[in-house]
Every structure is written in C-alpha cells, then in structure tokens.
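One-letter residues, chain by chain:
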Amino acid sequence: MPLSVAVLMDPIGAIKPAKDTSLAMLLEAQRRGHALHYLEQGDLALRDGAPWARLRPLAVRDDAHDWFSLGEARWRDLRGLDIVLMRKDPPVDAQFIYDTMVLETAQRGGVNVVNDPRALRDCNEKLFALQFPECCAPTLVSRDPAELRRFVAECGEAVLKPLDGMGGRGIFRVKAGDSNLNSMLETLLAGGPHGEGRHFAIAQKFIPAISAGDKRILLIDGEPVPYALARIPQGDEFRGNLAAGGRGEGVPLSERDRWIAAQVAPELLRRGLRFVGLDVIGDYLTEINVTSPTCARELDAQFGLNIAGLLFDAIEQRPAGSRVP
C-alpha cells in the first residue's frame, strides 16, 4: 500500500547526491510508490496543540546534476502522514529540540517518526556511547580544564572534542605536556573569566588503530549491516571523517564489531532508534550516531547492497509503534 513519507532535512539543494543517505532513502521510498513530501526546520508549527508542517511535494532522481523537484508548499496537519524521516544534521541545539517536540506530538497522533523524537533528545551521540563502558576506551567528560589536563597526562595521548560536533570539526589530538593544550581547552570549553568551562568537552584515550580507519557500522532495528565503511585518515591527518578528507573503504564486520553491536542493540530497540550508525575504532565504540547516520550509499556501491531498502522493509513490516518492549 502506498504511504505518505515526509523528510525533514537540511536544504536538499546543498547535498552531495552520490553520498547522501537521505537521498538514498527517498529514492527507495519513491521506487516503492510512496508519496514524498519535503520540509525544513522552519516549516514546523503547532496549531492549537496540533502538529502542522509546510510541506512541498517532492520527486527525486539518481542524477548528480538534477536530483530533485519540489512542488508548491502547503500547510498540512502532520497527523495525515504515515512516516516522517527526521534527518536534520547536528548540532542538536535548542531549535532541534523544539523540532523533536513537534514531531513527538505527531507521533502521539499515529505518525511513524524515524528516529524516535524522544530518543533524539535524550541520546547525545557521544554521551550515549558511554552507557556501554565495556565497549569504550577510557573517557572523561568535563567542564574542568584541570581534570581534562590530568586525564591527558594519565593517558599520555588523547583526543579532545565537543559534544555537539559532526564531520570531525573541533577535534584535537594532543600529547601530555603539549604547550597547545591550554589553548585547545579554552576553545572547547569556551572558558569564563576565572578559567571555568561553560561547555562540556569529551576526552578519549587516543586509539592508534585509527590508522586502519574509523569504522561506521549501520544498524537497522538493531541488526548490523554485514559491512562497515572504514574512514581512513590520509596524509598527516589523524581524523578519518570523510568530511575531513578521509578515504572510505568497505570492510566486513569483525567478531568484535558484531559483539559491540549486540551490546548496544537492545537499548536502541527499546528507545525506538531504528536507523543508527556506530563509530568503532579498533576494538572500541566511540560514538552512536542517531540524528542522520550516513555512509549507506558508499556501502551500497561497494557491495551491491540496498540499505535503504532494508530500512523500508523494516518500516513497512512494523509501521506503527516504533519501539520494542
């Protein structure tokens, strides 16, 4: 049965179609005969407590130069839709949080929102991973520059990063005794006049296995896709993120990868997180990406997969009630 599918995303005209996972989802939905609708953050509203959106009919094409067409915008009650794909990129700021509140109202009205809006609010992509300490390298989250300096000294070498970044932005690799450490912490913590931090920062022990890549493992309803995309740093860059110039290479999942996925999966299912990306370096889970996981198109191209197809199989088989008890 054809469904009505809306996507909330960043401007579709600015994406890289060959690599965009949201576009892959839309192409698959259209292939199945579903009606597509498009909206951005400014298109949500609450009207007398009801969730409304300014929706534009959308058609998509797998064409690097001409990948979408939009129809005329019209305000509609979101409860008239079947599915909303929430694919807005970080940061998870106040406006993002408000968006999830509107979408939660739609969810209560029977709309299947992927991923669950409550989980998007609750599961910071870096902090959520720390609910599984058996999977993670030594980590400290703090506003205190002295504690962060002490942690770096204990580890000998660490990676520092903000809690709300993406694409490798704002990440530092630092060794104990580095004269630039104080400056890095001032940048990350947005320090006040007395040296206190206004923002949390995260410090993780440096994992040398990054030279073999930062693996992105995609899970659909808790089941991992059998291949990961290893984002391998290039040249003198330590970051593997594709946005930071990393090279993507598909690799089969290791036994450790599967073990990590198995530890995380029950909690993902409980929270209604249906499409998730785990970041794994060596033997360690570093992040759990829930807002807009990517890398599906690269894996599809390398291994002849249809990851968006697997996702829509799951959505169509369980269209209502996105959580598992």
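Our subject in this report is the structure included herewith. (Residues numbered from 1 in each chain as written. Predicted model: local features only at pLDDT ≥ 70, side-chain atom pairs only at ≥ 80, totals over all residues. Heavy atoms only, no water.)

## As for the nonpolar core
Selection criterion: Each nonpolar core is a collection of buried residues, namely Ala, Val, Leu, Ile, Met, Phe, Trp, Tyr and Cys, held together in the definition by side-chain atoms within 4.5 Å. With a 1.4 Å probe rolled over the protein chains alone, any residue whose accessible area is under 20% of its type maximum counts as buried; one over 50% counts as exposed, and the rest are partly exposed. Residue contacts follow a heavy-atom distance rule, with two residues in contact if any of their heavy atoms lie within 4.5 Å.
Formed by 42 residues in total, the largest nonpolar core has its most connected members in Leu278, Leu285 and Ile288. Filtering out sequence-adjacent residues up to four positions away, leucine 278 remains in contact with Lys215, Arg216, Ile217, Leu219, Ile260, Ala261, Val264, Leu285, Glu287 and Ile288. Judged by nonpolar contacts, the second largest core, of 34 residues, contains Met25, Tyr38, Val225 and Ala296.

## Focus on the packing of aromatic side chains
Note the threshold: Stacked, edge-to-face and tilted are the three classes for Phe, Tyr and Trp ring pairs, Trp counted by its six-membered ring, which pair at centre distances within 6.5 Å; planes under 30 degrees apart are stacked, over 60 edge-to-face, the rest tilted. Helix and strand definitions follow DSSP, with helices as H or I runs of at least four residues and strands as E runs of at least two, each counted in order from the N terminus. Lysine and arginine charges are scored as sitting over a ring when NZ or CZ, respectively, is within 6 Å of the ring centre and within 35 degrees of the ring normal.
As enumerated under the stated definition, the model contains 3 aromatic pairs in all. Aromatic pair tryptophan 67 and phenylalanine 68: ring centres 6.0 Å apart, planes at 45°, arrangement tilted. Overall, the relative accessible area of 11% leaves tryptophan 67 in the buried class. With centroids separated by 3.9 Å and ring planes inclined at 10°, the aromatic side chains of tyrosine 227 and phenylalanine 303 adopt a geometry described as stacked. With tyrosine 227 in strand E15 (residues 227-232) and phenylalanine 303 in helix H7 (residues 296-303), this residue pair connects regions lying 76 residues apart in the sequence. Overall, the relative accessible area of 26% leaves tyrosine 227 in the partly exposed class. The ring of phenylalanine 200 carries the charged tip of arginine 143 above its face, separated from the ring centre by 4.0 Å.

## Some remarks on the pairing of strand E12 (residues 201-205)
Here is the rule: For two strands to pair, DSSP has to find at least two bridges joining them.
Of all 5 residues in E12, 4 are buried, a share of seventy percent or more. Judged from the 4 bridges that link them, strand E9 (residues 139-142) and E12 form a sheet pairing that is antiparallel. Note on E12: the bridge partner recorded for valine 141 is isoleucine 202.

## Quick notes on the sheet that holds E12
So the rule is basically this: The convention used is that axes are lines fitted to C-alpha atoms, helices contributing only their stretch in contact, and that angles between N-to-C directions extend from 0 to 180 degrees.
Across the sheet, 4 strands lie side by side as E9-E12-E10-E11; this open sheet has antiparallel pairing. Each of the sheet's edge strands pairs with one partner strand only, and the pair in question is E9 and strand E11 (172-175). The mean angle between the axes of side-by-side strands here comes to 25°, regardless of whether they run parallel or antiparallel. Where strand E10 (residues 157-162) meets E12, 5 bridges bridge the pair, whose relative direction is antiparallel.

## Describing the packing of helix H1 (residues 21-31) against helix H8 (residues 307-317)
What describes two packed helices is the angle between their axes and the distance between those same axes. Going by this rule: To sort the angles, those under 35 degrees are grouped as roughly parallel, those over 145 as roughly antiparallel, those from 65 to 115 as roughly perpendicular, and the leftovers as oblique. A clockwise turn of the near helix away from the far one marks a right-handed crossing, whereas an anticlockwise turn of less than a right angle marks a left-handed crossing. We call Asp, Glu, Lys and Arg charged. Ala, Val, Leu, Ile, Met, Phe, Trp, Tyr, Cys and Pro are nonpolar, and the rest, Gly among them, are polar.
Running from N to C, H1 and H8 point in directions that differ by 60°, and their axes come no closer than 9 Å. The orientation of H1 with respect to H8, classified from their angle, is oblique. Here the hand of the crossing between H1 and H8 comes out right-handed. Contacts between H1 and H8 involve Ala24, Met25, Glu28 and Ala29 from the former and Ala308, Gly309, Leu311 and Phe312 from the latter. Of the residues assigned to the contact of H1 with H8, the class counts are 6 nonpolar, 1 polar and 1 charged.

## Quick word on helix H6 (residues 255-271)
In plain terms, the rule: By this rule the span expected of a helix is its residue count minus one, scaled by 1.5 Å. Here the bend at a residue means the angle between the axes of two seven-residue stretches, the one that ends at it and the one that starts at it.
With 17 residues, H6 should cover 24 Å at 1.5 Å per step; its first-to-last C-alpha distance of 25 Å lies within 8% of that length. The axis of H6 is deflected most strongly, by about 35°, at valine 264, and proline proline 266 appears within four residues downstream. Buried within H6 we find Asp257, Ile260, Ala261, Val264, Ala265, Glu267, Leu268 and Arg271. Those residues of H6 that are buried are in contact with helix H3 (117-122), strand E13 (214-220), strand E14 (223-224), strand E16 (247-252), strand E17 (275-281) and strand E18 (284-289). Of the residues flanking the end of H6, it is glycine 272, one or two places downstream, whose phi is positive at about 75°.

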